[in-house]
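Overview (structure and organization)
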Amino acid sequence: MPQKILAGRATDPQLRGDLVQVKVDQVILSRAPSRALAEAIATGMKKTPVEVAVAYDGTCVADASSLADIDEGSPHSVSPEFPTYNIPIARPGIGFPAPVHLERFAAPARLALTDDPRLATVGGIGMLSLVVSPSQLGQALATGSAWLRPPRSVQIHLSGRVRPFVCARDVALELLRRNLDEVVRRIEGEHHAPVILEFAGPSARLLSVGDRAVLCGIAPQVGAAAALFVSDEKTEVFLRDQRRSKAHRALVPDPGAPCEEVVSIDLGTVDPLLMDEEGVVRPVRDLAGKPVAQVVLGGDSGVTLRDMLAAALLLKSKRVPSRLDLLVAPPSRQVLEVLAQSGALVDLVATGARIVEPDRRVVTSEIYPPPPGGLSLRTADPEPRIAGAPSFVVASAETLAYAVATGSVGDPRSFKRPVRVTVPRALPTDDVLILRDKKGEQVSTKKPPPAPTAVPWKGPLTLDVLAGVPKGSGRAAVGARGRKAAAPAEPAEPAAPAAPVAPSAPSAGDDMAPAAPAEGKAAGGVALVLSTLDEVRAVAERATDLSTVRAVVAPFVPSTAVSAFASEGIATFLVGAEALGSIKEQKSVELPAPAQWGDRVAAVFGSERVEVAWLATGMERSWTHAGTVRQPPSASKPAR
């Protein structure tokens, strides 16, 4: 199915070559909207030609830091200029980007590009959503096309029916328990191509679009580029309920369509599961009786409208234990309205729930973090698990309801009987929080931030080695330092590329500040040595903030991350797991001049010579050397 979507939009329908140029239907801006807009304007965009482009402003709880980001034109803020370029703004309060886009914009058999891996859930409606860098998004906004690697597929065959008190969240956790990440990693290693999960089988057609979205949400956690369901009568009903029936297109795999591997799962064998604080999937009974201090019901993934209604029914007439906080974060404004109209919201409030706004920092635990020394249960998928990141337990909405009812972890099948939930068909679809440009009414005098200056690779380079994800690499901590470090020491000529410059002086606790270079050697920044997929994911998601990073070395990097790194001028190298430990101990790495790079690059870590594989391919290599994917306006032409 992903090949069908891409082939219908590619200049080469056979999808031959390392990269192919494809027409883009939708662009979803969530993590660095203003940066993508700046890249598009630098490419010459006047109005975006894509079918749908939306910028989500996810900062609902304004504080001094978020207001300063807006005032300074941070790449993560949403510039008021967006509507003038035919890009609506989803204003704060509309909900989390993934569920809102699924309801209001996602369409089957289309291709969407985004900067947020959590948008993988839109695959539940049959739309292919791929994660790219802000600079690639800028090219897509300006030209309507993008260069992508042709993907490979892994089919997940679903059979049987789920039992009472087993939700789509439990099925998603069961897939994680079956080591789907190892399958993805092996296929990536064989073909050097993105892997897309395709859900098929008789039971796939029985699931609602909401349940399908929950299953698609696991794609980033296993290293897959995306996940995709068929578009059938269930999809058509969902779109009709959203009053968007004209967006429906059928999407089914061709008979005998090849795939790299098939993973089968019988839904009738799935028990209530949870993912513990270490990221290990276990039966709920393994933690039975453990006290719970916080429950966060909702978020952007892992829960459906049906699950929210079921939790409210299970908790009706019950009270929150004295040492437990129940936070309810409705996924979207639509879900909030349905909960209010059905009386479920009143039941949750009467239980003792606190209704929190759909701020992006809720799912990242920047606000409402897990209490120290207490257990936090949540329905949303976790961010990449790295050292120092907040940790919590992930479980289904019904498992969370049992924890609220009893004050401890337990099997939801201990409730007397399952609840009967009727999801209303008449759904509120008012787009009052979508800000569009109506004949020039939305005019702003504030200009979007300029695109950052590209830092090309020139000559041999010595980089400081840093093991793991840098501390303080969040938006607030590193964003300002990264922008400062990216600025050239002296103004550069507009047509000439900027030369590499030394980063700013180290500050206290700043792991990103490189040490002083040795005499006679050029200092180029930092090379990150990463051990796990979660570390690679964390760096890829924050690449726009880590401007001093020039290289990433790891035993596994997904193809989508390789492309994203390359477009930011970051070289990606593959190294064997056996050599990882020794190079982590080194303080610096010397790389030869880019002209000497091939499939293998001779790098010198300290005094040790190590052959590393350069993972970029085709045009990605020229992006890496140039430090950007940005093209002159005259060279940008949309795909056919």
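Residues numbered from 1 in each chain as written. Predicted model: local features only at pLDDT ≥ 70, side-chain atom pairs only at ≥ 80, totals over all residues. Heavy atoms only, no water.

Some remarks on the overall build of the protein chain
The criterion, for reference: The numbering of helices and of strands both runs from the N terminus, where a helix is a DSSP run of H or I of at least 4 residues and a strand a run of E of at least 2. Whether a residue is buried, partly exposed or exposed follows from its accessible area with a 1.4 Å probe, protein chains only, as a fraction of its type maximum: under 20%, in between, or over 50%, in that order. Any two residues whose heavy atoms approach within 4.5 Å are treated as being in contact. Computed with a 1.4 Å probe, the accessible areas rest on the Shrake-Rupley method; for each residue, only the protein chains presented here act as cover.
Within the protein chain, the secondary structure is distributed over 20 helices and 26 strands. By residue count, 58% of the 640 residues in the protein chain fall in the buried class. Taking all contacts inside the protein chain whose residues are at least 6 apart in sequence as the whole, residues at least 24 apart take part in 77%. Roughly 25,500 Å² of accessible area belongs to the protein chain as shown, and the carbon and sulfur atoms make up 52% of that amount.

Thoughts on the nonpolar core
Keep this limit in mind: Note on terminology: a nonpolar core comprises buried Ala, Val, Leu, Ile, Met, Phe, Trp, Tyr and Cys residues joined through side-chain atoms within 4.5 Å.
Counting 44 residues, the largest nonpolar core has Phe565, Phe573, Leu591 and Phe605 as the members making the most contacts within it. A per-element tally of this core places strand 22 (residues 549-554) first, with five residues. Leave out the neighbours within four places in its chain, and Leu591 touches Trp457, Pro460, Leu461, Leu463, Phe573, Trp597, Val601 and Ala603.

Section: unusual backbone geometry
One non-glycine residue, His192, adopts positive backbone phi at about 50 degrees. Its place among the elements puts His192 in the loop between helix 7 (180-191) and strand 9 (195-200). Here His192 falls in the partly exposed class, since its relative accessible area comes to 48%.

As for the sheet that holds strand 14 (residues 294-298)
Within a sheet, adjacent strands bond to each other through the backbone by hydrogen bonds, running parallel or antiparallel. The criterion, for reference: Any two strands between which DSSP finds at least two bridges are classified as paired. To obtain each axis, a line is fitted to C-alpha atoms, and for helices this fit is confined to the stretch in contact; angles are then taken between N-to-C directions over 0 to 180 degrees.
The strand order 13-12-18-17-14-15-16 describes an open sheet built from seven strands, whose pairing is mixed. Lying at the two open borders of the sheet, with one neighbouring strand each, are strand 13 (281-283) and strand 16 (354-355). Along the sheet, helix 6 (residues 168-177) makes contact with strand 12 (273-275), strand 13 and strand 18 (393-395), crossing strand 12 at roughly 65 degrees. Packing against the sheet, helix 15 (residues 397-406) makes contact with strand 14, strand 15 (325-329), strand 17 (376-378) and strand 18, and its axis sits at approximately 145 degrees to strand 14.

Examining the packing of aromatic side chains
Worth spelling out the cut-off: Two rings from Phe, Tyr or Trp (for Trp, the six-membered ring) form a pair when their centres sit within 6.5 Å of each other. Planes less than 30 degrees apart are called stacked, planes more than 60 degrees apart edge-to-face, and all others tilted. Two thresholds decide whether a charge sits over a ring: the Lys NZ or Arg CZ must be within 6 Å of the ring centre and within 35 degrees of the ring normal.
With the rule as written, the count across this model stands at six aromatic pairs. Arranged with centres 5.5 Å apart and planes meeting at 80 degrees, the rings of Tyr402 and Phe415 form a pair that is edge-to-face. Placement of the pair is Tyr402 in helix 15 and Phe415 in the loop between helix 15 and strand 19 (434-435), with a sequence separation of 13 residues. Pair check on accessibility: Tyr402 and Phe415 agree, each one buried. Ring-pair connections join several aromatic residues into one group, and the members of that group are Trp457, Phe573, Trp597 and Trp614. Its guanidinium or amino end placed over the ring of Phe392, Arg378 lies 4.8 Å from that ring's centre, counting from NZ or CZ. The cationic tip of Arg550 hangs over the ring face of Trp457; the distance from NZ or CZ to the ring centre is 4.6 Å.

Topic: the pairing of strand 5 (residues 111-114)
By the alternation rule, side chains of strand 5 split into Leu111 and Leu113 and Ala112 and Thr114, which are all buried. Taken together, the three bridges between strand 2 (residues 26-29) and strand 5 define a ladder with parallel strand orientation. Each residue of the ladder has a partner; that of Ile28, found in strand 5, is Thr114. Relative to strand 6 (residues 128-131), strand 5 is paired through four bridges, and the arrangement is parallel. Bridge pairing in strand 6 places Thr114 opposite Val131.

Regarding the sheet that holds strand 11 (residues 261-266)
Strand order across the open sheet formed by four strands is 10-9-8-11, with parallel pairing between neighbours. Bordering the open sheet on either side are strand 10 (226-228) and strand 11, each of which pairs with just one other strand. Within this sheet the neighbouring strands show an average axis-to-axis angle of 20 degrees, counted without direction. Bridging between strand 8 (residues 152-159) and strand 9 involves six bridges; their strand directions are parallel. Paired with Gln155 across the bridge in strand 9 is Glu198.

As for the confidence of the model for the protein chain
Heads up, the rule is: pLDDT expresses how confident the predictor is about each individual residue, on a scale running from 0 to 100.
On average, residues of the protein chain carry a pLDDT of 88, and 89% of them reach 70 or more. Scored below 50 in pLDDT, residues 635-640 makes 17 contacts in the model with residues more than four places away or belonging to other chains.

Re the pattern of salt bridges
Using the following cut-off: Salt bridge, as used here: a side-chain nitrogen of Lys or Arg that lies within 4 Å of a carboxyl oxygen of Asp or Glu.
Evaluation of the coordinates by the stated rule reveals 37 salt bridges. Taking the shortest distance from any N to any O, the salt bridge between Arg35 and Glu568 comes out at 3.1 Å. Highlighted residues: Arg35 in helix 2 (residues 33-43) and Glu568 in the loop between helix 18 (559-567) and strand 23 (571-574), separated in sequence by 533 residues. Across this residue pair, the class does not change: Arg35 and Glu568 are buried. The partner of Glu398 in a salt bridge is Arg306, with the nearest N and O atoms 2.8 Å apart. On the criterion of sequence distance, the pair formed by Glu398 in helix 15 and Arg306 in helix 11 (residues 305-314) is long-range, its members being 92 residues apart.

Looking at the environment of Ala593
Following the sequence through the fold, Ala593 ends up in the loop between strand 24 (588-591) and strand 25 (600-605). In this structure Ala593 touches Gly459 and Pro460, once residues within four positions along its chain are discounted.

A few points about the side chain of Glu39
With respect to the helices and strands, Glu39 occurs in helix 2. Judged by relative accessible area, Glu39 falls into the buried class, the value being 1%. What Glu39 contacts, discounting residues up to four positions off in sequence, is Pro134, Ser135, Gly138, Ala451, Pro452, Thr628 and Arg630.

Topic: helix 6
The buried fraction of helix 6 is high, at nine of ten residues. Considered for burial, the residues of helix 6 that qualify are Ala168, Arg169, Asp170, Val171, Ala172, Leu173, Glu174, Leu175 and Leu176. In the segment just after helix 6, Asn179 is the residue with positive phi, at about 55 degrees.

Here we look at the pairing of strand 15
Put simply, the rule is: Note on handedness: a clockwise path from strand one over the helix to strand two, with the strands aimed away from the viewer, defines a right-handed crossover.
Buried residues dominate strand 15, accounting for four of its five residues. Strand direction decides the pairing type here: strand 14 and strand 15, joined by five bridges, are parallel. Within strand 15, the position partnered with Gly298 by the bridge is Ala329. Note that the unit made of strand 14, helix 11 and strand 15 has a crossover that is right-handed. Bridge analysis of strand 15 against strand 16 gives two bridges, and the strand direction is parallel. Paired with Val328 across the strands is Ile355, a residue of strand 16.

Describing the environment of Ser391
Along the chain, Ser391 falls in the loop between strand 17 and strand 18. With relative accessibility at 29%, the residue Ser391 sits in the partly exposed group. Spatially, the C-alpha atoms of Ser391 and Ser365 are 8.8 Å apart, while their sequence positions differ by 26 residues. With residues up to four places along the chain from it excluded, the contact list for Ser391 reads Glu277, Pro370 and Arg385.

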